[in-house]
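# Structure at a glance
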Amino acid sequence: MSLSPTLSVAEIKTRNKELIEEVLKVYPEKTAKRRAKHLNVHQEGKPDCGVKSNIKSIPGVMTIRGCAYAGSKGVVWGPIKDMIHISHGPVGCGQYSWAARRNYYIGTTGIDTFVTMQFTSDFQEKDIVFGGDKKLAKIMDEIQELFPLNNGITVQSECPIGLIGDDIEAVSKAKSKEYEGKTIVPVRCEGFRGVSQSLGHHIANDAIRDWVFDKITPDSTPRFEPTPYDVAIIGDYNIGGDAWSSRILLEEMGLRVIAQWSGDGSLAELEATPKAKLNVLHCYRSMNYISRHMEEKYGIPWCEYNFFGPSKIAESLRKIASYFDDKIKEGAERVIEKYQPLMDAVIAKYRPRLEGKTVMLFVGGLRPRHVIGAYEDLGMEVVGTGYEFGHNDDYQRTAQHYVKDGTLIYDDVTGYEFEKFVEKIQPDLVGSGIKEKYVFQKMGVPFRQMHSWDYSGPYHGYDGFAIFARDMDMAINSPVWKKTKAPWKTEAQPLLQAAE
Amino acid sequence: MPQSAEHVLDHFDLFRGPEYQQMLANKKKMFENPRDPAEVERIREWAKTPEYREKNFAREALTVNPAKACQPLGAVFAAVGFEQTIPFVHGSQGCVAYYRSHLSRHFKEPSSCVSSSMTEDAAVFGGLNNMIDGLANTYNMYKPKMIAVSTTCMAEVIGDDLNAFIKTSKEKGSVPAEYDVPFAHTPAFVGSHVTGYDNALKGIIEHFWDGKAGTAPKLERVANDKVNFIGGFDGYTVGNMREVKRIFGLMGVDYTILADNSEVFDTPTDGEFRMYDGGTTLEEAANAINAKATISMQEYCTEKTLPLIAAHGQEVVAFNHPVGVSATDNFLMALSRITGKPIPEELARERGRLVDAMADSAAHIHGKKFAIYGDPDLCLGLAGFLLELGAEPTHILATNGGKAWAEKVQALLDSSPFGKNCHVYPGKDLWHMRSLLFTEPVDFLIGNTYGKYLERDTGTPLIRIGFPIFDRHHHHRYPVWGYQGGLNVLVWILDRIFESIDATTNVPAKSDYSFDIIR
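What you are looking at is a predicted structure, and each value in this text was computed from that prediction instead of being measured.

### Some points on the overall build of chain A
- Along the backbone of chain A there are 20 helices and 14 strands.
- For 500 residues, the compact-globule estimate of 2.2 N^0.38 gives 23 Å, and chain A sits close to it at 24 Å.
- In chain A, buried positions account for 68% of the 500 residues.
- The contacts in chain A between residues at least 6 apart in sequence include a share of 72% that link residues at least 24 apart.
- Per element, the accessible surface of chain A, about 16900 Å² overall, is 53% carbon and sulfur.
- With 63 positive and 67 negative side-chain charges, chain A shows a spacing of 3 Å between the two charge centroids.

### Focus: the layout of surface pockets
Residue and element names in this part refer to chain B.
- In this structure, the second largest pocket spans a volume of roughly 560 Å³.
- Surrounding the second largest pocket, 31 residues form its lining, Lys68, Thr399, Asn400, Gly401 and Gly427 being those nearest its centre.
- When contributions to the lining of the second largest pocket are tallied by element, the ones reaching two or more residues are helix H11 (193–209) and helix H18 (403–414).
- Residues that form the lining of the second largest pocket fall into these classes: eight nonpolar, twelve polar and eleven charged.

### Re the pattern of salt bridges
- Using the criterion set out here, one finds 71 salt bridges over all chains in the structure.
- As a salt-bridge pair, A:Lys437 and A:Asp454 come within 2.8 Å of each other at their nearest N and O atoms. With A:Lys437 in helix H18 (residues 434–442) and A:Asp454 in the loop between strand E14 (447–449) and helix H19 (461–476), this residue pair connects regions lying 17 residues apart in the sequence.
- The closest approach of N and O atoms between A:Arg448 and A:Asp454, which form a salt bridge, is 3.1 Å.
- Note on A:Arg448: relative accessible area 2%, which makes it buried.
- Given a relative accessible area of 6%, A:Asp454 falls into the buried group.
- Among the charged side chains, a salt-bridge network with shared partners connects A:Lys437, A:Arg448, A:Asp454, A:Arg470, A:Asp471 and B:Asp10.

### Side note on the interface of chain A and chain B
- With 120 residues of chain A at the contact, the number on the chain B side is 102 residues.
- Approximately 9400 Å² of surface area, both sides summed, lies buried where chain A meets chain B, with 62% of it carried by carbon and sulfur atoms.
- The three residues of chain A that bury the most area against chain B are A:Met62, A:Tyr96 and A:Lys442, which together make up 10% of that side's buried surface.
- Put simply, chain A and chain B have ten salt bridges between them.
- Salt-bridge contacts for A:Lys442 lead to B:Glu109; the nearest nitrogen and oxygen are separated by 2.9 Å.
- Grouping the amino acids of the side of chain A that touches chain B by side-chain chemistry returns 59 nonpolar, 33 polar and 28 charged.
- Sheet topology places strand E3 (residues 119–120) of chain A next to strand E1 (residues 63–64) of chain B; two bridges connect them, and they run antiparallel. Residue pairing in the sheet places A:Phe119 in a bridge with B:Val64 of E1(B).

### Remarks on the confidence of the model for chain B
- In this model, chain B carries a mean pLDDT of 97, and residues with pLDDT of at least 70 account for 100%.
- Our summary of model confidence lists the complex with pTM equal to 0.97 and ipTM equal to 0.97.

### What about the environment of B:Thr256?
Residues and elements named next belong to chain B.
- With respect to the helices and strands, the residue threonine 256 is situated in strand E7 (residues 255–258).
- Judged by relative accessible area, which is 3%, threonine 256 ranks as buried.
- Put simply, threonine 256 and serine 296 are 40 residues apart on the chain and 12 Å apart in space, counted from C-alpha to C-alpha.
- When near neighbours in sequence (up to four residues on either side) are disregarded, threonine 256 contacts Lys226, Val227, Asn228, Phe229, Thr280 and Glu284.

### As for the packing of helix H15 (residues 367–377) of chain A against H19(A)
Residue and element names in this part refer to chain A.
- Running from N to C, H15 and H19 cross one another at 70°; their axes reach a closest spacing of 11 Å. The orientation of H15 relative to H19 falls into the category roughly perpendicular. Residues Ala374, Tyr375 and Asp377 of H15 pack against Phe465, Phe468 and Met472 of H19.
- Class assignment of the residues belonging to the contact of H15 with H19 gives a composition of five nonpolar, no polar and one charged.

### Concerning empty space enclosed by the protein
All names here are of chain B.
- Per the stated rule, a full pass over the model turns up twelve cavities of 30 Å³ or more.
- Lining the largest cavity are 24 residues, with His193, Asp375, Asn448, Phe467 and Pro468 positioned closest to its centre.
- Residues belonging to the lining of the largest cavity are distributed by class as follows: twelve nonpolar, nine polar and three charged.

### Some words on the packing of aromatic side chains
Residue and element names in this part refer to chain A.
- In total, this model carries 48 aromatic pairs over all chains according to the counting rule given.
- Relative to tyrosine 395, the ring of tyrosine 387 has its centre 4.8 Å away and its plane inclined at 75°; by these criteria the two rings are edge-to-face. Assigned by exposure class, tyrosine 387 and tyrosine 395 land together as buried.
- One aromatic cluster is present, built from ring pairs that chain together Phe308, Tyr375, Trp453, Tyr459, Phe465 and Phe468.
- Note that arginine 397 overlies the ring of tyrosine 284, its terminal NZ or CZ placed 3.7 Å from the centroid.

Definitions and cut-offs
Residues numbered from 1 in each chain as written. Chains lettered and ligands numbered in written order. Predicted model: local features only at pLDDT ≥ 70, side-chain atom pairs only at ≥ 80, totals over all residues. Heavy atoms only, no water. Helix = DSSP H or I, 4+ residues; strand = E, 2+ residues; numbered from the N terminus. Rg over C-alpha atoms; globule rule 2.2 N^0.38 Å. Buried < 20%, exposed > 50% of the residue type's maximum accessible area, 1.4 Å probe, protein only. Contact = heavy atoms within 4.5 Å. Areas by Shrake-Rupley, 256 points an atom, 1.4 Å probe, with all protein chains shown as cover. Lys, Arg positive; Asp, Glu negative; His and termini not counted. Charge placed at Lys NZ, Arg CZ, Asp CG, Glu CD. 1 Å grid on protein atoms, 1.4 Å probe; cavity = no way out; pocket = protein on both sides within 12 Å on 5 of 7 lines; lining within 4 Å. Points joined across faces, edges and corners; volume = space filled by probe spheres on them. Nonpolar A, V, L, I, M, F, W, Y, C, P; charged D, E, K, R; others polar. Salt bridge = Lys/Arg side-chain N within 4 Å of Asp/Glu carboxyl O. Buried area = accessible area lost by both parts, 1.4 Å probe. Pairing = 2+ DSSP bridges. pLDDT = per-residue confidence, 0-100. Axes fitted to C-alpha atoms, helices over the stretch in contact; angles between N-to-C directions. Parallel < 35°, antiparallel > 145°, perpendicular 65-115°, else oblique. Phe/Tyr/Trp six-rings, centres within 6.5 Å; stacked < 30°, edge-to-face > 60°. Lys NZ or Arg CZ within 6 Å of the ring centre and 35° of its normal.

Structure, rendered in structure tokens:
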């Protein structure tokens, strides 16, 4: 199968290998050796993409990665809407992660919901010297007084907390007791821990296990009558409303979604999740830990799914339905059939405008693989992809289900490598984050933010696919890209020719 | 099914459809364990009261929605103002991802910066090896002319010594011995981004003037007629720097801008990515020691830099983000006095045009109450302009403003009858501002993008001036300094006033009066 109409797979492989050699030349020897392990060309039939992953970034190169705090506060805990998340430490981390991820929710902000607020202990020098535990206790008191309808508090540790040896667990326990068992969760997600935001996801998952689940008494009365069709959405952050355009499909097929994690999520939903019959898991990377835990401890099976693009949506709906009875299986077919005309119309409209266009991706979580199907539904090809913070099991899933022979793979790509790859391969679209966006647009390459959908979305589900298709067309076929070269700077002198 | 291929609904409209509304209502009722709506309403009303304000202002430990960022952001902002310079932040890498994102979201531009990517082992053993490897990688890969090092809170807590680390790195061959690696300690738990700007700029100037960290002789000042200009941390740096250069050109002033980052935050889209663009050359940075004087546009961004410069024998002059007629007058007269160059007629005409515009429009602003928040200097600049427009800058709040700043603001307020009922709030945050807006309402709020939450809560129309502005485009391309800049600020204020009048009078058969064409 060809990745490009003009090059054979063998030629593409050779070109990509040469490209890798070329970018490595710029590094000092030791660095080149280390980076070489993260760059490869996918070989069909191999169990993974042939790259090392989840290893420390190299100092002094421009990594795109974030930190454990970003993984815990920015991704997992931040969207839990009825709890107050304290960015514990200096002001910066909370400020930069303030409302930057478009985790949509409904609620009265500042009164019973708090997602788009920045609560910080704003550490000063004296807090570093004397420790911040007393201040943290006082902060919790002040939160209780000023925000009495909060349903819980989390403490998201920034770098200094672990370094100065603060005992946030003790403070949380004492305050929880004082407030009659209020859920107060200390999270040890200091930014220096681990190699990327990935460890922050894991730590956040463990905090839910230890400080939410383990507090629930097994015989506590459920807030609702259980049904055989209760499921929980895990690992959807409701970027631009993604979890909503996913939830609606699950409900239409006859399931009941008892919890959303963590986009538009609430503490009550977290607590209810162990009562689910199945956990459906979208972002495997960030929430496989808690899903495995629930499987072990409560016997709840979990099932990965992919709601990008009609092919994968249909596949996923059927896979989810396979855990249930005929009623649900029929429901899945009914939903697929219902939306087929919409999908046909979307593809009929946009595919002719996008057929054969090439894409290079570099994103986090699940997207370096999950969105490939959606592009393929539109006749597009993903010619390069890689993970910011993927692990080996992500690359296995990518190799076995998503990428084609010869695809360029780049793990924890550096700014330099990514620029060179795009410059040489000249894809029609790059999908990555805000830090990369303007680099490629300056180069005249259309770009979409595939972490946050820029200002758009949702992209999940059938309703989301219409927006996805529209956005890719809008990005690639915007007339602005024809203007990047001044006419007097093109070789052909088109203005003079036109005059003749 | 509301979605269609013909008319693709965005999230704005999609979720307003009955299917989604029903789904969300059901989710809330069944699974969210929501609070009693009456109780939510009661607390919402209570949170608007003077009683709540009192409790809110009694806060000692908690900060909610602060209007400040941390030091390294300012250090990165200053560093990219030098030719082909890459900022290198010593500490954990997530911080750098945040600074780059923050600057990119405001300027809609790439923001290049590297980190030494310290992790647990560095936390235990120190980050020396990260510095040694990191400098070598940055030097080889990005071919910078200078690497400007600053720190994060992590490196500061464990006590990494940049001077020693850079020296050792050079000995180990990471970069050549004579290569320029200025540095600044910028702990995130001291001051804010304006402090970081100050520290980084001071570090760079000190490096060039005081013997390049012991690798070169100290420079001897040979006074010339040039003027140094420092902009400070400024979300309008792109527009402002160009305007200032135009003014210098009109006056025939020979100048050096220290940390001119206006080009790197405004590169063209023409098929090429420029990681470096513009910037003060390293030669200019060194030669700046010979200047006659240094003008800082923002006093609180140069609290340490200016004394350093003064100690080298130059006159230093500081302004507070001058906006409007008198502030620009003072800037130009100082410039004229220092350089001996007269203020040209063209600038006098521009001044007259700003006064003309103010005369045309002051009636719409006169007596109106404003709340302002932002960085200390910007607050002073805007408050001064409002006073000269006959407006009342009723609440002036800076999370990173201290006691000295508050006294300065108070002195400004005392200088005008319009400042009589106005108050200054140093060290307070936007949740304090919320209480102020409920208990002592004003007509308009001036601040950055985060003010939109205050606008929604309190109904106070927001005029976006400050940093960051994420949700509006391209304002940073316009100057706010000089008479032309004053005109821009005037127009932004007036536009919002007129929009607000129109929005509250556009109900047919209810408010047909006042929905005027002529204003």
